[in-house]
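# Chain and residue survey
So the chains spell out like this:
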Amino acid sequence: MNPVLGVILRILGIGALVAGGIAVALAALAGAILLGPLVFWLAWNVLDFGPALGLPELGFWGIVLATLFLVVGWFPKLVITAIVFLFHPSWFHGSARVHWPEPTFRNFVAVALLALLASRPHAHAQGHRRRNKS
């Protein structure tokens, strides 16, 4: 085989490996972005946790904002609240008769899904700091 052809094939092999790794990373990122709202929708609308609390079902943007609110830190929560307050202040004027849900397995699963969604990004957010013992 020609040595130049061998070098080209090696370069293309590494390029394909890098491209495949990038494709897998992008697919994982897209899956994570789509999985959060799907889990929230499943808990809130499908398992009827919202109506079990006396709250209405949420539409697409309500689910996206609620999911973001659960998974981000303090400052992005402040930004989300400011955006809702500035662009759609009628959300704050609604009223609901909120009550404790019935202790059913369905509500337990919904709470577990929402807790999983809310706790996931914060698992690694708290950096382990060494305390100096002096």
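In short, a report on the structure. (Residues numbered from 1 in each chain as written. Predicted model: local features only at pLDDT ≥ 70, side-chain atom pairs only at ≥ 80, totals over all residues. Heavy atoms only, no water.)

On to the packing of helix 3 (residues 60-71) against helix 5 (residues 105-119). At their nearest, the axes of helix 3 and helix 5 sit 7 Å apart, and the two run at 60° to each other. As far as their axial angle goes, helix 5 and helix 3 are oblique. Between helix 3 and helix 5, the residues in contact are Thr 67, Leu 70 and Val 71 and Leu 114, Leu 117 and Ala 118, respectively. Residues belonging to the contact of helix 3 with helix 5 are distributed by class as follows: 5 nonpolar, 1 polar and no charged. (Axes fitted to C-alpha atoms, helices over the stretch in contact; angles between N-to-C directions. Helix = DSSP H or I, 4+ residues; strand = E, 2+ residues; numbered from the N terminus. Parallel < 35°, antiparallel > 145°, perpendicular 65-115°, else oblique. Contact = heavy atoms within 4.5 Å. Nonpolar A, V, L, I, M, F, W, Y, C, P; charged D, E, K, R; others polar.)

Take Val 72: it is sitting in the loop between helix 3 and helix 4 (74-87). Separated by 47 residues in sequence, Val 72 and Ser 119 have C-alpha atoms that sit 10.0 Å apart.

The biggest cluster of nonpolar side chains holds 12 residues, and these are Val 39, Phe 40, Ala 43, Trp 44, Leu 47, Phe 49, Leu 53, Ile 63, Ala 110, Leu 113, Leu 114 and Leu 117. If you list the elements that add at least two residues to this core, you get helix 1 (3-46), helix 2 (49-53) and helix 5. For Ala 43, the residues in contact, after removing those within four places along its chain, are Asp 48, Phe 49, Ala 110, Leu 113 and Leu 114. (Core = buried A, V, L, I, M, F, W, Y, C linked by side-chain atoms within 4.5 Å. Buried < 20%, exposed > 50% of the residue type's maximum accessible area, 1.4 Å probe, protein only.)

Moving on, we come to the environment of Ala 66. Within the element layout of this structure, Ala 66 appears in helix 3. Along the chain, Ala 66 and Phe 40 lie 26 residues apart, while their C-alpha atoms are 8.0 Å from each other. Here Ala 66 is in contact with Phe 40 and Leu 58, once residues within four sequence places are set aside.

Turning to the side chain of Asn 45, a few remarks are in order. Along the polypeptide, Asn 45 turns up in helix 1. From its side chain, Asn 45 meets the backbone oxygen of Leu 58 in a polar contact 2.9 Å long. If near-sequence neighbours (up to four positions away) are discounted, Asn 45 is found in contact with Phe 40, Glu 57, Leu 58 and Ile 63. (Polar contact = N/O pair within 3.5 Å; in protein donor to acceptor, adjacent residues only side chain to side chain.)

The next thing to look at is the packing of aromatic side chains. Enumeration over the complete set of coordinates arrives at 4 aromatic pairs. When the ring of Phe 40 is compared with that of Trp 44, the centres are 5.6 Å apart and the planes differ by 10°; the resulting orientation is stacked. Of the two residues, Phe 40 and Trp 44 both sit in helix 1, 4 residues apart, roughly one turn of that helix. Under the relative-accessibility criterion, Trp 44 is labelled buried at 11%. Aromatic side chains Trp 44 and Phe 49 sit 6.2 Å apart centroid to centroid with 75° between the ring planes, which places their arrangement in the edge-to-face category. On the accessibility criterion, Phe 49 (8% relative accessible area) is buried. Among the aromatic residues, ring-to-ring pairing joins Phe 40, Trp 44 and Phe 49 into one connected group. (Phe/Tyr/Trp six-rings, centres within 6.5 Å; stacked < 30°, edge-to-face > 60°.)

Structural measurements only, silent on function.
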